[in-house]
Each structure stands twice: as structure tokens, then as C-alpha cells.
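# A look at the structure
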Amino acid sequence: MNDLIDMIISAHGGLERWRTFSSLSAHLVQGGVLWSVKGHAGLLDDTTVTVDLRREHASHAPFGDAGRRSSFTPELVSLLTADGQTIEQLAEPRRSFAGHTLETPWTELQLAYFAGIAMWTYLNTPFLLAAPDVVSTRIDPWDEGGETWERLRVRFPHTIATHSTEQTLYVGPDGLLKRHDYDVEIAGNTPGAHYISGYRDVHGIMIPTRRRIFPRQPDGKAMAEPLVVSIDLDRIELR
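Values in this document were obtained by computation on a predicted structure and should not be read as measured data. (Residues numbered from 1 in each chain as written. Predicted model: local features only at pLDDT ≥ 70, side-chain atom pairs only at ≥ 80, totals over all residues. Heavy atoms only, no water.)

## So, the layout of surface pockets
The line we're drawing: A pocket, in this scheme, is an open set of points on a 1 Å grid over the protein atoms alone with protein on both sides within 12 Å along at least 5 of 7 lines, while a cavity is a set where a 1.4 Å probe fits but cannot get out; residues line either one if an atom lies within 4 Å of a point. Grid points are joined across faces, edges and corners, and a volume is the space filled by probe spheres set on the points. Segments assigned H or I by DSSP are reported as helices when at least four residues long, segments assigned E as strands when at least two residues long, and all are numbered from the N terminus. Each residue gets one of three labels, nonpolar for Ala, Val, Leu, Ile, Met, Phe, Trp, Tyr, Cys and Pro, charged for Asp, Glu, Lys and Arg, and polar for the others, Gly among them.
Looking at the largest pocket, its volume works out to about 410 Å³. Listing elements by their share of the lining of the largest pocket, those giving two or more residues are α2 (15–18) and α4 (108–124). Here the lining of the largest pocket is built from residues that sort into twelve nonpolar, two polar and four charged.

Right under this line is the structure:
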């Protein structure tokens, strides 16, 4: 790892401390226009998200109805009853998004896949920078809001399901993440600028509690509206 990656991971609590935990769960409140565009307004507005820290798995409970929860892995996404019985499932879920644009509606299983890759990526970052075959390159700094942020261009291997193969992290002088850019491949490569704030110390790990995602313009600047997704977390638990 390079010096910038070392600084980022250290600022968030350090890899050694992170590896003492195996899962993260939090109360999740979401908003923004994306959910109605995709035909699922309100379904995941207020839920609990749980992500695995050692393999790619995530779950939202409830998933709409109080008696349902989701289960996401890159190979299979499922909707389950509260006691774990399968309601429906979709193998090789990413294939189902072929030809999608931002306006293409999602099925509930596709929504579960998107929510799974999103929250698993967000809550495991920046520690994913130390994962095998994740390649990071320092690029030119970025000026925004009267601050200068260092930047990392991150390339993910095909073994990790995430928004896009290439993503960019913006880092403040304190080593904490300020912004996260990507192109959402399963929604027609829609470009997003994802702002990160509201850090809390949870058992020695710095975890952001507030995320706001806006469209990203060709010059790299974020549009002021619409608010595509808002994410607020509380009741965070590391186990």
C-alpha cells in the first residue's frame, strides 16, 4: 500500500482493529429521487442494513413488508421470510440489468441487488483498499468548498460486485473520506458524486453517518440537484 492509503486506513481506525470485527449493522433511513424513478418509493426508507466484513454479503430487514428481508451475494439475491424461507430469488443478478438506463424500472430482486452492492461497498470502504487485487493510484488533488482533497483512483477486480470497475475517493487532510465518485453500471453508467460526512467513532472505527449523492457533470463537479439518494445511519453496531 502507498502512503496515502496507509493514512486513510489509519484515520478510519486501522486495518488491525477493523479485522477484529466480522459484521456491521445499522438503522438506515433513505431518501432521494432514485427510489421512485425505479418504481419502489418508500420500500427501503426505514430499515436495518447488515453487511459482512469478511465476504460480500448484505441484508436489509425489513425489506418492504415487516415479514421480509433480503439476502445479497454477487451470485444470488433472494427475498426471504423472517424465519429464512425463500420467497423468490435470482441467480447471476447482474446479467438482469443488461440494457438498463437510469429510467428503467427495477424488480424487487433488482432493488435488493443494488441496495446490497451499494451498502456493502460503502460500509467496507476504505478498508477495501487493502483487499487482494484492488489497485489504487494517486491522481491530481481536487479543490472544493475552500479545501484541497487528495484523490485515489481505485480499480476493483471482477470478483467484487460494486457500482463500477473504476471509482474515485476524495480524502481530506485528516485522512477521512469526503467524496466517492462512480458510474452506476447497472443504471446505464449514470455518474454519481457521493458526499460523506457525520463521522462517529464506533469501537475505534470511524464510520460516516450521512451520505448525499448527486449527479456528476462531465467536468467532475456535482450538480446541486436533484438529490439522487440520501443515506442516514444510526444505532451502528460492529460485531
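## Examining the pattern of salt bridges
The line we're drawing: We count a salt bridge whenever a side-chain nitrogen from Lys or Arg sits within 4 Å of a carboxyl oxygen from Asp or Glu. Remark: exposure states derive from per-residue accessible area (1.4 Å probe, protein chains only) relative to the maximum for the residue type, with buried under 20%, exposed over 50%, and partly exposed in between.
Overall, the coordinates contain twelve salt bridges when judged by the stated rule. Residue aspartate 65 pairs with arginine 68 through a salt bridge whose shortest N-O separation is 3.9 Å. We classify arginine 68 as buried; its relative accessible area is 14%. The salt bridge involving arginine 95 is made with glutamate 92; its shortest N-O contact spans 2.5 Å. Residue class for arginine 95 comes out exposed when judged on its relative accessible area of 64%. One network of salt bridges, in which partners are shared, links Asp65, Arg68 and Glu108.

## Notes on the pairing of strand β8 (residues 147–155)
Residues in a regular strand project their side chains so that they alternate between the two faces of the sheet. Defined as follows: Only when DSSP finds a minimum of two bridges between them are two strands counted as paired.
In the sheet, strand β7 (residues 135–144) pairs with β8 via eight bridges, with the strands oriented antiparallel. Note that in β8 the partner of threonine 137 across the bridge is arginine 153.

## Points about a nonpolar patch on the surface
The condition that has to hold: To count toward a patch, a residue needs a relative accessible area above 30% and no salt bridge. Like charges then connect within 9 Å, nonpolar side chains (Val, Leu, Ile, Met, Phe, Trp, Tyr) within 5 Å. Here the open area of atoms and residues is found with the Shrake-Rupley method and a 1.4 Å probe, where only the protein chains shown may cover a residue.
A cluster of nonpolar side chains, Val33, Val37 and Leu102, forms an exposed patch at the surface whose accessible area comes to about 190 Å². Structurally, the position occupied by valine 33 is in the loop between β1 (23–31) and α3 (34–37).

## Structural notes on the nonpolar core
Quick note on the threshold: What makes a nonpolar core is a set of buried Ala, Val, Leu, Ile, Met, Phe, Trp, Tyr and Cys residues whose side-chain atoms join them at distances within 4.5 Å. Every residue pair with non-hydrogen atoms within 4.5 Å of one another is taken to be in contact.
Ranked by internal contacts, the top residues of the largest apolar core, which has 63 residues, are Val51, Met119 and Leu238. In terms of residues, this core owes the most to one element, α4, which gives twelve residues. Beyond its immediate sequence surroundings of up to four residues, methionine 119 is in contact with Leu28, Val49, Val51, His60, Ile231 and Leu233. With six residues, the next largest nonpolar core counts Trp142, Trp149, Ala193 and Tyr195 among its residues.

## Concerning the side chain of arginine 212
To keep it simple, the criterion reads: The definition of a polar contact used here is a pair of N or O atoms within 3.5 Å, where within protein one atom must be able to donate a hydrogen and the other to accept one, and adjacent residues in sequence count solely through side-chain atom pairs.
Within the fold, arginine 212 resides in strand β12 (residues 205–215). At a separation of 3.3 Å, a polar atom in the side chain of arginine 212 contacts the main-chain carbonyl oxygen of isoleucine 231. With near-sequence residues (within four places) excluded, arginine 212 lies in contact with Ala193, His194, Tyr195, Leu227, Val229, Ser230, Ile231 and Asp232.

## Concerning the environment of alanine 91
For alanine 91, the position within the fold is in strand β6 (residues 86–91). If we skip the residues at most four places from it in the chain, alanine 91 touches Glu75 and Leu76.

## Some points on unusual backbone geometry
Residues alanine 61 and proline 62 are joined by a peptide bond in cis, for which omega reads 0 degrees. On the secondary structure map, proline 62 appears in the loop between β3 (58–61) and β4 (68–72). For the bond running from glutamate 225 to proline 226, omega is 0 degrees, close enough to zero to count as cis. In this structure, proline 226 sits in the loop between β12 and β13 (229–238). Positive phi is not limited to glycine here, since glutamate 92 has a value of about 45 degrees.

## Structural notes on the packing of aromatic side chains
Spelled out, the test is: Put simply, two rings from Phe, Tyr or Trp (the six-membered ring, in Trp's case) pair if the centres are within 6.5 Å, and we call them stacked under 30 degrees between planes, edge-to-face over 60, tilted for the rest.
Applying the stated criterion to the full structure yields ten aromatic pairs. For the pair phenylalanine 97 and tyrosine 113, a centre-to-centre distance of 5.5 Å together with 40 degrees between the ring planes defines the contact as tilted. One end of the pair, phenylalanine 97, is in the loop between β6 and α4; the other, tyrosine 113, is in helix α4, and 16 residues separate them in sequence. Accessibility expressed as a relative area gives 4% for phenylalanine 97, which makes it buried. Residue class for tyrosine 113 comes out buried when judged on its relative accessible area of 1%.

## Examining the side chain of threonine 162
For threonine 162, the location among the structural elements is in the loop between β8 and β9 (166–171). Among the residues examined, threonine 162 registers a relative accessible area of 4% and is labelled buried. In this structure threonine 162 touches Arg94, Ile117, Thr121, Phe156 and Gln167, once residues within four positions along its chain are discounted.

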